[in-house]
Amino acid sequence: MSSKGRPAPSAAHAAVVIPAAGRGVRLGPGAPKALRTLGGTPMLIHAVRAMAASRHVALVVVVAPSDGVAEVRSLLDSHALPERTDFLVVPGGETRQESVRLGLEALPAGHEVVLVHDAARPLVPVDTVDAVIETVRDGAPAVVPALPLADTVKEVEPAAVDGEPEPVVATPARARLRAVQTPQGFDRTALLRAHKEVDGEVTDDASMVERLGLRVVTVPGHEEAFKVTRPLDLVLAEAVLARRRRNDGF
Ligand code: C5P
């Protein structure tokens, strides 16, 4: 039994690292992005609840802004969260990648499945979380929720000056492209190895595992798992929350 008098989690239970140390400058001035509220509750609390909603998640590690660890700890203490889940808060780094690595270093032994979830995706449904965990348990070293694209995507030669016309160099076939979301799920050993061995800027964790030559697979993503990045995303997130509250008293 654990210190809280409940059964100790088995190795099959997942741990989640939530990088939440970004400033969120694209959202405009104000609090760090993860601490902005949606429906009166900080985005980070929504994200933590979305992960802890899965019965397969035993631990959530929140990576806080380095000057915001105490604030994030007291936020977690002051909001209702499931009893069966443990929570840790650690300080983050300069880049998302560094913040994830610091979160991974804080993981205790015993969780063979590790998820990485952006605090900026507060509304991901629990079915998506469970699908990712199950696919890792079935043997995939890395799993990403993914959606087909509505827009055609062009590769360009980026202009030196913002707003200048940019030459298009390629148009990948849209039917083969996917937009990927989080939580991304990993076999713990594969993810730790990727963070140790892969250098260079990346925008997600799965691409680091790809660079090791390991198999990365997709599961269906969800339109409500979108990333809150720009001011319009906040409007959409509020609308999704309002719809949930109307539909099922969420
Ligand atoms: O900037 P972007 O939207 O890609 O950030 C994705 C996630 O990474 C966010 O949840 C953000 O808080 C986190 N992040 C972090 N540490 C950084 C930069 C971003 O934890 N230094």
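Residues numbered from 1 in each chain as written. Predicted model: local features only at pLDDT ≥ 70, side-chain atom pairs only at ≥ 80, totals over all residues. Heavy atoms only, no water.

Visitor: Would you mind showing me how to read the overall build of the protein chain here?
Guide: Along the protein chain, the regular secondary structure elements total seven helices and 12 strands. Since a compact globule built from 250 residues should have a radius of gyration of about 18 Å, the 18 Å found for the protein chain is in line with a globular shape. Based on the C-alpha atoms only, the size of the protein chain along its principal axes is roughly 60 × 40 × 40 Å. Buried residues in the protein chain amount to 46% of all 250 residues. Sequence separation of at least 24 residues holds for 72% of the intrachain contacts in the protein chain that already meet a minimum separation of 6. (Helix = DSSP H or I, 4+ residues; strand = E, 2+ residues; numbered from the N terminus. Rg over C-alpha atoms; globule rule 2.2 N^0.38 Å. Buried < 20%, exposed > 50% of the residue type's maximum accessible area, 1.4 Å probe, protein only. Contact = heavy atoms within 4.5 Å.)

Visitor: What exactly am I supposed to notice about the site of the ligand here?
Guide: In the neighbourhood of the ligand, 15 residues make up the surrounding shell, with Pro-19, Ala-21, Gly-22, Gly-93 and Ser-99 lying closest. Between the ligand and the protein, one listed contact pairs an oxygen atom with a backbone N or O atom of Ala-21 at 2.8 Å. Here a nitrogen atom of the ligand and a backbone polar atom of Glu-94 are 3.1 Å apart. When isolated, the ligand has an accessible area of 460 Å², and the protein chains bury 83% of it. Residue composition of the shell around the ligand, by class: five nonpolar, four polar and six charged. (Near = heavy atom within 4 Å. Polar contact = N/O pair within 3.5 Å; in protein donor to acceptor, adjacent residues only side chain to side chain. Areas by Shrake-Rupley, 256 points an atom, 1.4 Å probe, with all protein chains shown as cover. Nonpolar A, V, L, I, M, F, W, Y, C, P; charged D, E, K, R; others polar.)

Visitor: Teacher, can you tell me more about the environment of Val-90 here?
Guide: By the secondary structure assignment, Val-90 is in strand β5 (residues 86-91). Taking relative accessible area as the criterion, Val-90 reaches 14% and is therefore assigned buried. In the structure, Val-90 is positioned 33 residues away from Val-57 in sequence and 18 Å away in space, judged by C-alpha atoms. With residues near it in sequence (within four places) discarded, Val-90 still touches Val-61, Val-62, Val-63, Ala-64, Val-69, Leu-102, Gly-103 and Ala-106.

Visitor: What should I look at first to understand the UniProt feature "site: Positions MEP for the nucleophilic attack" (unreviewed entry) in the protein chain in this one?
Guide: Mapped onto this structure's residue numbering, the UniProt feature "site: Positions MEP for the nucleophilic attack" (unreviewed entry) falls at Arg-174 and Lys-227. Here the residues from the annotation list that line the largest pocket are Lys-227. For Arg-174, a relative accessible area of 38% corresponds to the partly exposed category. Apart from the residues lying within four places of it in its own chain, the contact partners of Arg-174 are Leu-149, Ala-150, Asp-151 and Thr-152. (UniProt positions renumbered as here; feature names shortened; annotations may be inferred. 1 Å grid on protein atoms, 1.4 Å probe; cavity = no way out; pocket = protein on both sides within 12 Å on 5 of 7 lines; lining within 4 Å.)

Visitor: What should I look at first to understand the layout of surface pockets in this one?
Guide: A probe matching the size of a water molecule, rolled over the atoms, marks out where space remains unfilled. Put simply, the largest pocket is a space of about 900 Å³. Looking at the largest pocket, it is lined by 34 residues, and the ones nearest its centre are Gly-22, Arg-26, Arg-96, Asp-118 and Lys-227. Tallied by class, the residues present in the lining of the largest pocket amount to 10 nonpolar, 12 polar and 12 charged. (Points joined across faces, edges and corners; volume = space filled by probe spheres on them.)

Visitor: Honestly, the side chain of Thr-41 in this entry has me stumped. Any pointers?
Guide: Following the sequence through the fold, Thr-41 ends up in strand β3 (residues 41-42). Looking at Thr-41, the relative accessible area reads 12%, which means it is buried. Look past the residues within four positions of Thr-41 in its chain and what remains in contact with it is Arg-36, His-46, Arg-49 and His-79.

Visitor: Help me understand the pairing of strand β7 (residues 142-148), please; the structure alone is not making it clear to me.
Guide: Along any regular strand, the residues point their side chains to alternate faces of the sheet. Taking burial as the measure, the seven residues of β7 include five buried ones, the bulk of the element. Where β7 meets strand β11 (residues 184-187), two bridges bridge the pair, whose relative direction is antiparallel. Of the residues in β11, the one forming a bridge with Ala-142 is Phe-186. As paired elements, β7 and strand β12 (residues 216-220) share five bridges and run parallel to each other. When the bridges of β12 are listed, Pro-145 appears paired with Val-219. Examined bridge by bridge, β7 and strand β10 (residues 178-180) share three bridges and lie antiparallel to one another. Each residue of the ladder has a partner; that of Leu-147, found in β10, is Ala-179. (Pairing = 2+ DSSP bridges.)

Visitor: What is the right way to look at the UniProt feature "site: Transition state stabilizer" (unreviewed entry) in the protein chain in this model?
Guide: Following the UniProt record, one finds the feature "site: Transition state stabilizer" (unreviewed entry) at Arg-26 and Lys-33. From the list above, the largest pocket is lined by Arg-26 and Lys-33. Within the secondary structure layout, Arg-26 lies in the loop between β1 (14-19) and β2 (37-38). Exposure remark for Arg-26: the relative accessible area of 52% places this residue in the exposed category. Not counting chain neighbours up to four residues away, the residues in contact with Arg-26 comprise Thr-229, Arg-230 and Pro-231. You can see Lys-33 is positioned in the loop between β1 and β2. Ignoring sequence-local partners within four residues, the contact set of Lys-33 consists of Gly-22, Arg-23, Gly-24, Leu-27, Met-43, Ala-120, Val-228 and Thr-229.

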